[in-house]
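Residue-level listing of the chains:
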Protein chains: 2
Amino acid sequence: MTKAKASVLLIGTGGVGTIVACGLAYKNLSTVSVVVRSDYEKVKNDGWTINSVDYGNLTNWKPDNIYPTVEDAAKGQEFDYVVITTKNLPDVIKPEDVAEPAITPGKTTIVLIQNGFDLGRPFIAKYPNNICLSGVSHIGSHNHGGVINQTQGDKCLVSYFDNSNFDKTTQEAKAKEFIELYSNDKNDVTYFADVKWYRYRKLVYNATLNTVCALTRVDTGRLHLAGTLEAVSIPAMREVVKVAKADGVELPADVINTVVHSDDGDWFKPSMLVDVEKGNPIELEVILGNLLTVANELKVETPTLTILYHLLKATQFKLKEGKGLIKVPEERPINDVVYN
Amino acid sequence: MTKAKASVLLIGTGGVGTIVACGLAYKNLSTVSVVVRSDYEKVKNDGWTINSVDYGNLTNWKPDNIYPTVEDAAKGQEFDYVVITTKNLPDVIKPEDVAEPAITPGKTTIVLIQNGFDLGRPFIAKYPNNICLSGVSHIGSHNHGGVINQTQGDKCLVSYFDNSNFDKTTQEAKAKEFIELYSNDKNDVTYFADVKWYRYRKLVYNATLNTVCALTRVDTGRLHLAGTLEAVSIPAMREVVKVAKADGVELPADVINTVVHSDDGDWFKPSMLVDVEKGNPIELEVILGNLLTVANELKVETPTLTILYHLLKATQFKLKEGKGLIKVPEERPINDVVYN
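Residues numbered from 1 in each chain as written. Chains lettered and ligands numbered in written order. Predicted model: local features only at pLDDT ≥ 70, side-chain atom pairs only at ≥ 80, totals over all residues. Heavy atoms only, no water.

## Observations regarding the UniProt feature "domain: Ketopantoate reductase C-terminal" (unreviewed entry) in chain A
How we decide: UniProt positions are given in the numbering used here, feature names are shortened, and annotations may be inferred rather than shown by experiment. Working definition: helices are DSSP H or I runs of at least four residues, strands are E runs of at least two. Numbering for both runs from the N terminus.
When the UniProt feature table is mapped onto this chain, "domain: Ketopantoate reductase C-terminal" (unreviewed entry) is found at residues 194-315 of chain A. Between the end C-alpha atoms of residues 194-315 of chain A the distance is 33 Å, and the span holds 72% helix and 0% strand.

See below:
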């Protein structure tokens, strides 16, 4: 008797999500369903065109099932896994609410393959009896009008966001079970025990260079030449290291130097700057907002990161307004606050 | 015997400078020479077209003399006054150097009708035996391709930047002598004793709202709605008040409230934001840089203003690069600093 296939629903079929779906389908241990919002009709009919360094050139590629909404996907079935690969913009739409129709309490394992820090918290709060996994993806893959171009191999580190309702062994076993479904001879999907360490390590770059470049609209090379790297980003990095330490995470002694030099030789535009230039809302809350929440809980002072966060709130306001997510009245509302 | 006319050279014939020249010429107590850089041939031949709320519609308007450079203006003559009405961008070109050929040590009075703080310092350092006057202009006037549109009356507060080589009476008398040349029945040019007080008062807006809007690219209304006004600009205002106090200047108790509410009802874009949107370098050094120099001398901590300054240095870098004032090599230079 063959083992029943696991049922997986993937939400978010951008450059990253589509390749994750390919990986699951290629392994063929799960039934792969995806939710496609904007391109549903096209994808339903013709599938995707995928040019992948991992899986070659695929035309009319389709997973097992394609649904236009999460509600439709959840009709009459339960999922073993819900994999979320959307951008994480809780100030626009909360991913734990988006996924809700497809999550069966006590059954569905949630997998967040997304950027950001402390992403598990709202899921564990809302779904205390579900395991929540973490995937940190290193991939170069973009969706250009329905054509997926994957130029860099899919490397993903999988772990779990610790939920005190489960013991660690169970959560680790579940992470490894998901890896079994997703890893194959084309990609590089491995278990990485310390998700907190890893996500702090990423913040040393993302909370300090990604943010400052997004705010000032210069690449990391110009940031250095202007003196802003040393005056703002480096002190911000020291604050990240301090929060990590207070949170029990010891980053390598040379982490700041390594991070600064990671772009050496390139006039590199970090992803948040690219988003600002394209007019897309930025992942401000999951990169800086969540970090400041933890810093506040641990009573660690983060003056530089705090100012960066509040400045970027104005940038984000404008980006959301540009996308029609915020509307301001023609006449400016009265501000009746008295300031001292 | 009629009194000899004073000789005045005005440098900077934008919207403000041209109307100042009109005011001096209208009063007719001085010989008015101007330096016109980019439009010299056109202005030399045809003069200006000026639509002025103060002086009416003038065509082919010319002052007494028009020169293409300061050097040309200074050939064979000395000036009683050199009035500088350019934008003040010492990180691009130092106004005290631009004016140098026309300044006779011990004779020429320098008049700075410019935005910014502590503008007299580099002049007094370079020309210790010359009096340096301050003009704070409140005017709506713009140069649109050689046509001057003055939509708001010329109101100017004149005082002096205190130079310890002169007694105050002498400096005050010189300021009033200049007012005599410039004030007329059309404009509103008056003596205002406390230049330091006044320029600090302006900084409460310019160092905090002008700067933050320039950085985040939102107007003061959206800055309020995004929460950034309260989180960043208000603390920055408190820092300006603190520096002023340490410098012996007591601003009104309600100054912050007054400044915040000065834009009430308008989605107002401060001038520095307008400059950024137009791609023009910003008056960062004379608004924030000079303030931080004084704060540092007085040992007043200004964490918010300091971060804003260093972030805007990156913005300024990009603006200067856009104007060809900075060039970066195609290949990013090696950064061999080790960061800890």
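From this point, the discussion proceeds with the structure in view.
## Digging into the state of the cysteines
Our working rule: Count a disulfide wherever a pair of cysteine sulfur atoms falls within 2.5 Å.
Taken as a whole and judged by the stated rule, the model has zero disulfides over all chains. Unpaired in terms of disulfides, Cys132(A) finds its nearest cysteine sulfur in Cys156(A), a separation of 13 Å.

## What about the packing of helix α7 (residues 195-216) of chain A against helix α12 (residues 284-297) of chain A?
A packed helix pair is summarised by two numbers, namely the angle formed by the two axes and the spacing between the axes. All names here are of chain A. Test applied: What counts as an axis is a line fitted to C-alpha atoms, over the stretch in contact for a helix, and the angles between N-to-C directions run from 0 to 180 degrees. Relative orientations are named as follows: roughly parallel for angles under 35 degrees, roughly antiparallel for angles over 145 degrees, roughly perpendicular for angles from 65 to 115 degrees, and oblique for any other angle. Note on convention: near helix rotated counterclockwise from far helix by under a right angle means a left-handed crossing. Clockwise means right-handed. Contact criterion: two residues are considered in contact whenever any of their non-hydrogen atoms come within 4.5 Å of each other. For this scheme, ten residues count as nonpolar: Ala, Val, Leu, Ile, Met, Phe, Trp, Tyr, Cys and Pro. Four count as charged, namely Asp, Glu, Lys and Arg, and the remainder, Gly too, count as polar.
Viewed as axis vectors pointing N to C, α7 and α12 meet at an angle of 120°, and their least axial separation amounts to 10 Å. Viewed along their axes, α7 and α12 adopt a mutual orientation that is oblique. When you trace α7 past α12, the crossing you get is left-handed. The residues of α12 that touch α7, namely those facing Tyr200, Leu203, Asn206, Ala207 and Thr211, are Ile287, Leu288, Leu291 and Val294. Partitioned by chemical class, the residues of the contact of α7 with α12 number seven nonpolar, two polar and no charged.

## Here's the deal with the interface of chain B and chain A
Rules: By buried area we mean the combined loss of accessible area, with a 1.4 Å probe, across both parts when two parts are placed together. Every case where a carboxyl oxygen of Asp or Glu lies within 4 Å of a side-chain nitrogen of Lys or Arg is listed as a salt bridge. We call two N or O atoms a polar contact when they sit within 3.5 Å, provided that within protein one can donate a hydrogen and the other can accept it, with sequence-adjacent residues counted only if both atoms are side-chain atoms.
Each partner contributes residues to the interface: chain B has 50 residues there, and chain A has 50 residues. For the pair chain B and chain A, the two sides together bury roughly 4400 Å², of which 62% comes from carbon and sulfur. Our enumeration of links across chain B and chain A arrives at two salt bridges. Between Arg222(A) and Glu321(B) there is a salt bridge; the shortest N-O distance is 2.7 Å. The interface formed by chain B and chain A includes 26 residue pairs in polar contact (both at pLDDT 80 or more).

## Considerations on the pairing of strand β3 (residues 48-52) of chain A
All names here are of chain A. Under the convention used in this document: Here's how the labels work: a residue is buried when its accessible area is under 20% of the maximum for its type, exposed when over 50%, partly exposed in between, all with a 1.4 Å probe on protein chains only. Paired strands, in this sense, are two strands between which DSSP finds at least two bridges.
Across the two faces of β3 the burial differs, with Trp48, Ile50 and Ser52 buried and Thr49 and Asn51 not buried at all. Across four bridges, β3 lies against strand β4 (residues 56-61) in antiparallel orientation. Note that in β4 the partner of Asn51 across the bridge is Asn57. Hairpin connection between β3 and β4: a loop of three residues separates the two successive antiparallel strands. Pairing between β3 and strand β9 (residues 147-160): four bridges, direction parallel.

## Focus: the relation of the copies chain B and chain A
Here is the rule: For this overlay, a least-squares fit was computed on C-alpha atoms, restricted to residues scoring pLDDT of at least 70 in both copies.
Note on the identical chains: chain B maps onto chain A by a rotation of 180° and an axial translation of 0.0 Å, with an RMSD of 0.0 Å. Seen this way, the second copy is the image of the first under a two-fold rotation axis. Relative to the rotation axis, the closest C-alpha in chain B is found at Leu215(B), a distance of 3.5 Å. Comparing interface residues between copies, 100% of those in chain B also lie at the interface in chain A; the contact surface is shared.

## Overview of the side chain of Asn257(B)
Looking at the element boundaries, Asn257(B) is found in helix α10 (residues 255-260). A residue is classified by how much of its surface remains accessible, and Asn257(B), at 18% relative accessible area, is buried. Polar side-chain contacts of Asn257(B) include one of 2.8 Å to the backbone nitrogen of Tyr339(A). Asn257(B) has contacts with Val337(A), Val338(A) and Tyr339(A), leaving out every residue within four places of it along the chain.

## Examining the UniProt feature "domain: Ketopantoate reductase N-terminal" (unreviewed entry) in chain A
Mapped onto this numbering, the UniProt entry annotates "domain: Ketopantoate reductase N-terminal" (unreviewed entry) at residues 8-162 of chain A. Along residues 8-162 of chain A, the helical share is 23% and the strand share 39%, with 21 Å between the first and last C-alpha atoms.

## Comments concerning the nonpolar core
In plain terms, the rule: In these notes, a set of buried Ala, Val, Leu, Ile, Met, Phe, Trp, Tyr and Cys residues joined through side-chain atoms within 4.5 Å is what counts as a nonpolar core.
Counting residues in each nonpolar core, the largest one holds 148 residues, and the members touching the most others are Tyr200(A) and Tyr200(B). When neighbours within four sequence positions are excluded, Tyr200(B) is seen to be in contact with Phe117(B), Val240(B), Val243(B), Ala244(B), Asp247(B), Val249(B), Leu251(B), Leu291(B) and Val294(B).

## Details of the domain arrangement of chain A
Residue and element names in this part refer to chain A. Threshold: Residue ranges assigned to the domains are those given by an automatic or database domain assignment.
Looking at chain A, the domain boundaries give domain 1 (6-193) and domain 2 (196-322). Between the C-alpha centres of domain 1 and domain 2 there is a distance of 26 Å. Every contact between the two is made by 22 residues of domain 1 and, on the other side, 21 residues of domain 2. Both faces combined, the contact of domain 1 with domain 2 buries some 1900 Å², and carbon together with sulfur accounts for 56% of it. Connecting domain 1 to domain 2 are three salt bridges. Arg121 serves as the salt-bridge partner of Glu297, at 2.7 Å between the closest nitrogen and oxygen. Counting the contacts that link domain 1 with domain 2 gives 13 residue pairs in polar contact (both at pLDDT 80 or more). Ranked by the residues each element gives to the side of domain 1 that touches domain 2, the list is headed by strand β8 (residues 132-144), at five residues. Grouping the constituent residues of the side of domain 1 that touches domain 2 by class yields ten nonpolar, eight polar and four charged.

## Some remarks on the environment of His224(B)
By the secondary structure assignment, His224(B) is in helix α8 (residues 220-225). Classification of His224(B) as buried rests on a relative accessible area of 18%. A sequence separation of 148 residues divides His224(B) from Gly76(B), and the C-alpha atoms of the two residues are 56 Å apart. Apart from the residues lying within four places of it in its own chain, the contact partners of His224(B) are Arg332(A), Asn335(A), Tyr339(A) and Leu229(B). Within the structure, His224(B) has its side chain in polar contact with the side chain of Asn335(A) (distance 3.5 Å).

## Quick word on empty space enclosed by the protein
All names here are of chain A. Note the threshold: Put simply, the grid is 1 Å and covers the protein atoms alone, a cavity is a trapped set of points that fit a 1.4 Å probe, a pocket is an open set with protein on both sides within 12 Å along at least five of seven lines, and lining residues have an atom within 4 Å of a point. Grid points are joined across faces, edges and corners, and a volume is the space filled by probe spheres set on the points.
Tallied over the full model, the rule gives five cavities of 30 Å³ or more. Computed from the structure, the largest cavity encloses a volume of approximately 60 Å³. Lining of the largest cavity is provided by Gln114, Asn115, Gly116, Val136, Arg199, Lys202, Leu203 and Asn206. A total of four residues in the lining of the largest cavity trace back to one element, the largest contributor, which is α7. Considering only residue class, the lining of the largest cavity consists of two nonpolar, four polar and two charged. Split by domain, the lining of the largest cavity shows at least three residues from each of two domains, domain 1 (6-193) and domain 2 (196-322).

## Structural notes on the packing of aromatic side chains
Our working rule: The aromatic pairing rule takes the rings of Phe, Tyr and Trp, using the six-membered ring of Trp, and pairs them if the centres are within 6.5 Å, calling planes under 30 degrees apart stacked, those over 60 edge-to-face and the rest tilted.
For the structure on display, the rule yields 18 aromatic pairs over all chains. Aromatic side chains Trp197(B) and Tyr198(B) sit 6.3 Å apart centroid to centroid with 40° between the ring planes, which places their arrangement in the tilted category. With a relative accessible area of 24%, Trp197(B) lands in the partly exposed category. Site record: aromatic cluster; members linked through ring pairs are Tyr81(A), Phe178(A) and Tyr182(A).

## Examining the environment of Lys155(A)
Residue and element names in this part refer to chain A. On the secondary structure map, Lys155 appears in strand β9. Residue class for Lys155 comes out partly exposed when judged on its relative accessible area of 34%. Spatially, the C-alpha atom of Lys155 lies 27 Å from that of Phe166, the residues being eleven residues apart in sequence. With near-sequence residues (within four places) excluded, Lys155 lies in contact with Val136, Ser137, His138 and Asp188.

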